[in-house]
Amino acid sequence: MNDANFRSICSNTSTHTLFAHIRAATSTAINTANNHPFTFGKHVFMHNGTIAHFSIIRRRLSLLISQPIFELMSGTTDSEHFAALYATYLGDINVEHPLSHMLQCLKQTIQSIVSLQKELVTQVNPSSINIATTDGTQLIALRFRNHPTEQPPSLYYSVTAGVSLNRKFPGHPDYKNGQNSSNGQALKNEHEHGKHVIIASEPTTYKEEDWDLVPKNHFVVVDSESNHSLHPSENYFCNI
């Protein structure tokens with residue numbers, strides 16, 4: 001948060017959909033091109049985890065990515081390759097697609113990666129694929145690890161924590177006793193806050209009741225009206 005340009009842009013920007021990501025680099029270089037989220041047309045994508053055996057499957061994976069999408073890539077991460085293959089399966093990246101199509105393309109992307117791993121690697125290790133993607137009005141997130149007992153990294157969702165995180169309402173974690181104004185009175189009542197869905201690797205408020213852990217190998221699907229639902233991933237690619 002020490003970037004003056006970033007603070008200036010944020011102070012003059014409003015949006016109904018926001019992605020934020022802090023990258024812990026694994027096997028690829030630390031540079032701006034490898035930072036999440038990745039953008040392809042209207043579609044934004046970010047990933048927490050590791051695609052196993054990426055160095056082995058990378059060449060074949062690249063061949064599945066369409067030429068126009070490949071030309072939009074600028075980094076070297078497994079995450080961007082996943083995003084690019086997903087964008088390839090989407091088709092027109094400059095339009096919104098039905099959530100059902102977005103969900104099917106994510107499943108197809110995972111299936112393609114798992115199939116390459118099984119084809120090219122003798123002993124396949126599990127992959128951790130916690131992802132989130134949006135077209136600006138709809139959102140899909142996934143908590144995934146294709147192992148029968150091991151858990152993927154944590155992923156939580158909340159439909160109430162926005163009240164605490166908004167300084168116009170009571171309960172913000174930066175303020176003592178949950179009061180957000182100098183005279184100890186909140187600016188607005190909780191019921192005035194709009195409908196919302198927050199998805200995060202870890203809870204970002206102190207109220208445990210605000211958060212639910214996304215079950216292993218489940219998608220969280222959020223429509224343009226902030227209605228959310230959970231969908232299990234397909235069994236045929238869940239276990240290696």
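Before any of the text, the structure's been laid out above.
Structure report, in brief. (Residues numbered from 1 in each chain as written. Predicted model: local features only at pLDDT ≥ 70, side-chain atom pairs only at ≥ 80, totals over all residues. Heavy atoms only, no water.)

**Topic: the overall build of the protein chain**
A tally of regular secondary structure across the protein chain gives six helices and nine strands. Carbon and sulfur atoms provide 50% of the accessible area of the protein chain, an area that totals close to 13200 Å². (Helix = DSSP H or I, 4+ residues; strand = E, 2+ residues; numbered from the N terminus. Areas by Shrake-Rupley, 256 points an atom, 1.4 Å probe, with all protein chains shown as cover.)

**Here's the deal with the nonpolar core**
Ranked by internal contacts, the top residues of the largest apolar core, which has 34 residues, are Phe40, Phe82, Leu106 and Ile140. Of all the secondary-structure elements, those providing two or more residues to this core are β1 (38–40), α2 (54–64), α4 (78–90), α5 (99–120), β3 (128–134), β4 (139–143) and β8 (218–222). Residue contacts for Leu106: discarding those within four places in its chain leaves Phe45, Phe82, Tyr86, Ile131, Thr133, Ile140 and Phe219. Met46, Tyr157, Val214 and Val220 belong to the second-largest nonpolar core, a separate cluster that totals 11 residues. (Core = buried A, V, L, I, M, F, W, Y, C linked by side-chain atoms within 4.5 Å. Buried < 20%, exposed > 50% of the residue type's maximum accessible area, 1.4 Å probe, protein only. Contact = heavy atoms within 4.5 Å.)

**Re the packing of aromatic side chains**
Following the criterion strictly, the structure yields two aromatic pairs and no others. Measuring from ring centre to ring centre gives 5.3 Å for Phe45 and Phe82, while their planes differ by 25 degrees; the resulting arrangement is stacked. With Phe45 in strand β2 (residues 43–50) and Phe82 in helix α4, the pair connects residues that are 37 residues apart, well separated along the chain. Note on Phe82: relative accessible area 1%, which makes it buried. Relative to Tyr86, the ring of Phe45 lies with its centre 6.4 Å away and its plane at 35 degrees, an arrangement referred to as tilted. With Phe45 in strand β2 and Tyr86 in helix α4, this residue pair connects regions lying 41 residues apart in the sequence. Its relative accessible area of 2% is what places Phe45 among the buried residues. Connected via pairs of aromatic rings, a cluster forms that spans Phe45, Phe82 and Tyr86. (Phe/Tyr/Trp six-rings, centres within 6.5 Å; stacked < 30°, edge-to-face > 60°.)

**Concerning the pattern of salt bridges**
In total, this model carries two salt bridges according to the counting rule given. In this structure, the salt-bridge partner of Arg60 is Glu119, at a minimum N-O distance of 3.1 Å. Separated by 59 residues along the polypeptide, Arg60 in helix α2 and Glu119 in helix α5 bring together distant segments of the chain. Judged by its relative accessible area of 52%, Glu119 is exposed. (Salt bridge = Lys/Arg side-chain N within 4 Å of Asp/Glu carboxyl O.)

**Re the environment of Asn125**
Note that Asn125 resides in the loop between α5 and β3. Judged by relative accessible area, Asn125 falls into the partly exposed class, the value being 41%. Expressed as a C-alpha distance, the spacing of Asn125 and Ala52, which sit 73 residues apart in the sequence, is 6.0 Å.

**Remarks on the sheet that holds strand β6 (residues 198–200)**
Strand pairing in a sheet relies on backbone hydrogen bonds, with the paired strands running either antiparallel or parallel. Pairing in this open sheet of three strands is antiparallel, and the strands run β6-β5-β7 from one edge to the other. Both edges of this open sheet fall to β6 and β7 (212–213), since each of them pairs with a single strand only. Examined bridge by bridge, strand β5 (residues 156–158) and β6 share three bridges and lie antiparallel to one another. The partner of Tyr156 across the bridge, within β6, is Ala200. (Pairing = 2+ DSSP bridges.)

**Observations regarding the sheet that holds β2**
Taken in spatial order, the six strands make up an open sheet running β1-β2-β3-β4-β8-β9, and their pairing is antiparallel. A strand with exactly one partner marks an edge of an open sheet, and here the two such strands are β1 and β9 (228–232). Ignoring strand direction, the axes of neighbouring strands in this sheet form an average angle of 20 degrees. Here three bridges tie β1 to β2, and the two strands are oriented antiparallel to one another. Across the sheet, Thr39 pairs through a bridge with Val44, a residue of β2. (Axes fitted to C-alpha atoms, helices over the stretch in contact; angles between N-to-C directions.)

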